[in-house]
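Spelled out from the first residue to the last, the chains are:
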Amino acid sequence: MSEAAHPSPASTATTSSTSCELELIEQLKQQLAGPLFAAVSDQFSNFQSTVLSYQNKLQYAELKIRVLEERLRLVRIAKYGPGSEKLSDAQLELLELEPGVSSAEVQAESERPPVQPSTKTKRQHPGRQELPANLPRVERILKCTPEQCVCQGCGKETVVIGHEESSQLDVEPAKYFVLVSKREKRACKSCEEQGVVSAPLHPRIIEKCLASDQIVIDTVVSKYCDHQPLYRQSAMLERDSGVELSRATLDGWVLRVGELLIPMAAAMRQELIRGTYIQADETPVDVQMHEVRGKNHQAYLWQYSRPGGTVVFDFRLGRGRDGPKQFLGSFEGLLQTDGYAAYDQIGGPKIVHAGCWSHAERYFSEAVQLNPQDPVAAAIVTRIDELFAIDAQARSQGLNLEARHVLRQQQSRPLLGVIRKQIEGARSTALPGGALAKACNYTLALWDKLTRFVEYLELELSNNLAENSMRPVALGRKNWIHIGSSPAGPKIAAILSVVESCRRLKLPVRDYLAAVLPGLADLPIQRLPGFTPAAWVAHRS
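The structure presented is a predicted model; accordingly, all values stated were derived computationally and were not measured.

> Can you help me understand the sheet that holds strand 3 (residues 277-288) in this one?
Pairing between sheet strands relies on hydrogen bonds along the backbone, with the strands arranged either parallel or antiparallel. Taken in spatial order, the five strands make up an open sheet running 5-4-3-6-7, and their pairing is mixed. The outermost strands of the open sheet, each flanked by one partner alone, are strand 5 (311-316) and strand 7 (352-354). The sheet shows a mean angle of 30° between the axes of neighbouring strands, taken without regard to direction. Sheet analysis places strand 4 (residues 296-305) next to strand 5, joined by six bridges and oriented antiparallel. Following the sheet pairing, Gln 303 is matched in strand 5 by Phe 313. Each of strand 3, strand 4 and strand 5 touches helix 14 (residues 464-480); the most contacted strand, strand 3, lies at about 10° to it.

And the structure:
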């Protein structure tokens, strides 16, 4: 129940003390003379105002303590892992006194159930996993031993009547070799004045480079797909091939590839701007600033994408509105973001801003983490989950956008009214400044943006796909730490744009880079739109 349903002891005490004060004033008024009563009354009023001031300060202090306790619990949950959400504050306080408590121990402690006999039925094993049919098969014949080739009964030689087959996934380790290209030279013996002609060279990613195109591509893919920093790749190359290539050399290859892909990223941006729906998000990334040694500058990679389509990263030194304003230009379609204010007042006059239900749910889930016994926040989270379940039902049934829109009108729209009533009721009783109040204020402030998904067919419930595109960046910066300089930022953003677009479009990134990068510097800029990952997939489908 809410606090309003049961008066607190403090409010009861305040009411009783007020009635006692009124009785005391009436008695003094009857017993004391007029001037004396006026003097006593003034002193009593001053005393009352002082007491009221202290009561207000005490109430503020109590609210502040509750807010700080919520923040402390969030810090402890982050420290001890998700399992600690189920522990009480007293248990978490005990863990602070334990030396070297691990997340696994907290998880085990929080999930320790009462011992009960298991009633679950044992799942049937699905059987041996089948290896992909598209992988090439290499057969190896295992012959019988000489003793097995002779019949143990009559001594005659046995014959092969068949084979027992078994399959295993195998790998051939990378083999480094020197590719020697010999260009054929021709001349006419009768017409020496015609001179000598040589076979033309194939276009290369980096002219006169010591390494082949495949080595350069492998370096880029290893860094931005497998998150291998260049110093580690350099050590692996020396170990496996005996060739010593410095990190600076590998870095030069990567930056050259990024320089070549910058015009490609610009063409991909035009693909997005010409569309009707963009999801946007941003993530910080450190950049070495050589003016101040030993100190990195926090820059940002802004990500713009269409679900299931092109992804473009835009490097900016700051997080201000200028970044999305310049990138989006006069875009007038759907723009789905979180509640960050930098996305407001950008784009064309007809742009439609949409919100993300995952962000809203995250705030309420945080309130549940702080107080697992709170039925109000838990009920709101359950209702929001029902919204996602409706869209999950549409996906499982293979519904197109029109059919999903009909399902949303039937089920999601009425559910939105229920969710709003629950949130408004929760805000009226929530602790000001607490996690639940923040969740309510955030959701209600963005309510119009959050409910646009029932008006537009293609709009998703959340910005999760955009956030998923940020995960490779988050994983990568734990390995390659930072971007080496601010001029390198746009080049890295161009590489990430191509790599992430290929991943979304299920296009093998090695094959795409090997086909597009050689000769890309000489390709007319007007032809670039036909070579973007999305266009590449469309032409070959």
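Next comes the rest of the account.
> I'm lost on unusual backbone geometry in this one. Help?
Only a minority of non-glycine residues have a phi that is not negative, and only a minority of peptide bonds are not trans. Non-glycine residue Lys 208 carries a positive phi angle of around 60°. By the element assignment, Lys 208 lies in the loop between strand 2 (196-198) and helix 5 (213-224). Of the residues examined, Lys 208 reaches a relative accessible area of 84% and is grouped as exposed. Despite not being glycine, Gln 345 has its phi angle at roughly 55°, a positive value. Note that Gln 345 resides in the loop between strand 6 (334-336) and strand 7. Assessed through its relative accessible area of 69%, Gln 345 is described here as exposed.

> How do you make sense of the pattern of salt bridges when you look at a structure like this?
Oppositely charged side chains can form a pair if their charged atoms are brought close together. All told, the structure shown has 15 salt bridges when counted by the stated rule. Across the pair Glu 386 and Arg 383 runs a salt bridge whose closest N-O atoms are separated by 3.4 Å. Within this pair, Glu 386 and its partner Arg 383 are both found in helix 10 (residues 375-396), separated by three residues, close to a single helical turn. Taking the shortest distance from any N to any O, the salt bridge between Asp 391 and Arg 408 comes out at 2.6 Å. Separated by 17 residues along the polypeptide, Asp 391 in helix 10 and Arg 408 in helix 11 (residues 401-429) bring together distant segments of the chain.

> Please explain the pairing of strand 5 as it appears in this structure.
Regular strands have side chains that alternate between both faces of the sheet. Of all six residues in strand 5, five are buried; the element is thus mostly enclosed. Between strand 4 and the antiparallel strand that follows it, strand 5, lie five residues; Gly 308 among them carries a positive phi value of about 75°.

> Can you walk me through the environment of Ala 437 in this structure?
Within the secondary structure layout, Ala 437 lies in helix 12 (residues 435-445). For Ala 437, a relative accessible area of 7% gives the class buried. Spatially, the C-alpha atom of Ala 437 lies 9.3 Å from that of Phe 364, the residues being 73 residues apart in sequence. With residues near it in sequence (within four places) discarded, Ala 437 still touches Ala 430, Leu 431 and Pro 432.

> Could you clarify how one ought to interpret the pairing of strand 3 in this entry?
Counting buried positions along strand 3 yields nine of twelve residues, so the element is predominantly enclosed. Of the pairings in the sheet, the one linking strand 3 to strand 6 comprises three bridges and is parallel in character. The residue bridging Ile 278 from the neighbouring strand is Leu 335, located in strand 6. Summarising the sheet, strand 3 and strand 4 pair through ten bridges and their orientation is antiparallel. Residue pairing across strands places Ala 280 opposite Tyr 304, the latter belonging to strand 4.

Quick notes on the rules
Residues numbered from 1 in each chain as written. Predicted model: local features only at pLDDT ≥ 70, side-chain atom pairs only at ≥ 80, totals over all residues. Heavy atoms only, no water. Pairing = 2+ DSSP bridges. Helix = DSSP H or I, 4+ residues; strand = E, 2+ residues; numbered from the N terminus. Axes fitted to C-alpha atoms, helices over the stretch in contact; angles between N-to-C directions. Contact = heavy atoms within 4.5 Å. Buried < 20%, exposed > 50% of the residue type's maximum accessible area, 1.4 Å probe, protein only. Salt bridge = Lys/Arg side-chain N within 4 Å of Asp/Glu carboxyl O.

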